[in-house]
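Residue-level structural notes
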Amino acid sequence: LIFLVSVIVEEAAEVLEPHIVVSLTKDCQHLILIGDHKQLRPSNAVFKLAQEFKFDVSLFERMLNNGLHCKVLQTQHRMRPEIAELITPTIYPGLMNHSSVETYPNVKGMLKNVYFVKHNKPEA
């Protein structure tokens, strides 16, 4: 009896490489990594080891850095256009807004839908 196994990893850019590798058995036929390597990296308990051995790079990012092909989201369905403008084209060149985000209602009681607040208090 032969089992063909697929492994799907959501938020793969935030998962430490060893955590993915240990889930890959000899029966694994497909590895599907879903995530965004341009956002959060994996967090490590020991900063020095992360820096020295590049443990702060996920398997997902390492594979992309070595030329592995991936599919990239071209149309976003979640952010207000005003928020998407902040990351397009700097981080995501060519990212388009789906028509559904163009019809989001304005935030009630506010003059604008996006604000930046300047402060001088450290985050706690």
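Shown above is the structure to which this text applies.
Each chain carries its own residue numbering, running from 1 in the direction its sequence is written. Only residues with pLDDT of 70 or above have their local features reported here, since the model is predicted, and side-chain atom pairs are shown and tallied only from 80 upward, although totals for entire chains, interfaces and linings are computed over all residues. The side-chain figures draw on all heavy atoms in the structure; neither hydrogens nor water molecules are used.

Secondary structure elements are taken from DSSP: a helix is a run of H or I of four residues or more, a strand is a run of E of two residues or more, and numbering for both begins at the N terminus. Broken down by element type, the protein carries 4 helices and 4 strands. Helices (α) and strands (β) of the protein occur, in sequence order from the N terminus, as β-α-β-α-α-β-α-β. The atom set for the radius of gyration is the C-alpha atoms, and the globule formula is 2.2 Å times the number of residues raised to the power 0.38. For 124 residues, the compact-globule formula gives about 14 Å, and the C-alpha radius of gyration of the protein, at 19 Å, lies well above that figure. The principal-axis extents of the C-alpha atoms in the protein amount to approximately 60 × 40 × 25 Å. The cut-offs for exposure are 20% and 50% of the maximum accessible area for each residue type, with area from a 1.4 Å probe on protein chains only; residues under the lower value are buried, those over the upper are exposed, and the others partly exposed. Burial analysis of the protein (124 residues in total) assigns 21% to the buried set. In what follows, residue pairs with any heavy atoms lying within 4.5 Å of each other are defined as contacts. Look at the contacts in the protein between residues 6 or more apart in sequence, and 50% of them connect residues 24 or more apart. When the accessible surface of the protein is split by element, carbon and sulfur atoms take 60% of a total near 10200 Å². Computed with a 1.4 Å probe, the accessible areas rest on the Shrake-Rupley method; for each residue, only the protein chains presented here act as cover.

Our focus in this paragraph is the layout of surface pockets. Each cavity reported here is a set of points on a 1 Å grid over the protein atoms alone in which a 1.4 Å probe fits but cannot get out, each pocket an open set with protein on both sides within 12 Å along at least five of seven lines, and each lining residue one with an atom within 4 Å of a point. Grid points are joined across faces, edges and corners, and a volume is the space filled by probe spheres set on the points. For the largest pocket, the calculated volume is near 930 Å³. In this structure, the largest pocket is lined by 30 residues; those nearest its centre are Ile34, Gly35, Asp36, Gln39 and Leu73. Contributions of two or more residues to the lining of the largest pocket are made by β2 (28-33), α3 (59-65) and β3 (75-76). Top contributing element to the lining of the largest pocket by residue count: α3, with 3 residues. Side-chain classes are defined by residue name, with Ala, Val, Leu, Ile, Met, Phe, Trp, Tyr, Cys and Pro counting as nonpolar, Asp, Glu, Lys and Arg as charged, and the others, Gly among them, as polar. For the lining of the largest pocket, the per-class residue count stands at 16 nonpolar, 7 polar and 7 charged.

Let us look at the side chain of Asn113. Residue position: Asn113 is located in the segment after β4 (96-97). There is a polar contact of 2.9 Å between the side chain of Asn113 and the side chain of Asn106. Only 2.7 Å separates the side chain of Asn113 from the backbone nitrogen of Val107, close enough to count as a polar contact. Beyond its immediate stretch of four places on either side in the chain, Asn113 contacts Arg80, Glu82, Asn106 and Val107. Whenever a nitrogen or oxygen atom comes within 3.5 Å of another N or O atom, the pair is scored as a polar contact, on the condition that within protein one atom can donate a hydrogen and the other can accept it, and that pairs from neighbouring residues in sequence are kept only if both atoms are in side chains.

Note: most residues except glycine have negative phi, and most peptide bonds are trans. Residue Pro89 follows Thr88 across a cis peptide bond; omega there is 5°. Inspection of the secondary structure assignment puts Pro89 in the loop between α4 (81-84) and β4. Even without glycine at this site, Glu11 takes up a positive phi of about 55°. Of note, Lys54 is a non-glycine position whose phi angle comes to about 60°, a positive value.

Two side chains bearing opposite charge may form a pair once their charged atoms approach each other closely. Any Lys or Arg side-chain nitrogen located within 4 Å of an Asp or Glu carboxyl oxygen qualifies as a salt bridge. All told, the structure shown has 5 salt bridges when counted by the stated rule. Between Arg62 and Glu17 there is a salt bridge whose closest N-O contact spans 2.7 Å. Here Arg62 is found in helix α3, whereas its partner Glu17 is found in helix α1 (residues 17-21), with 45 residues between them in sequence. Among the salt bridges present, the one from Glu82 reaches Arg80, with a minimum N-O distance of 3.9 Å. Among the residues examined, Glu82 registers a relative accessible area of 30% and is labelled partly exposed. Several salt bridges converge on common partners, so that one network encompasses Arg41, Asp56 and Glu61.

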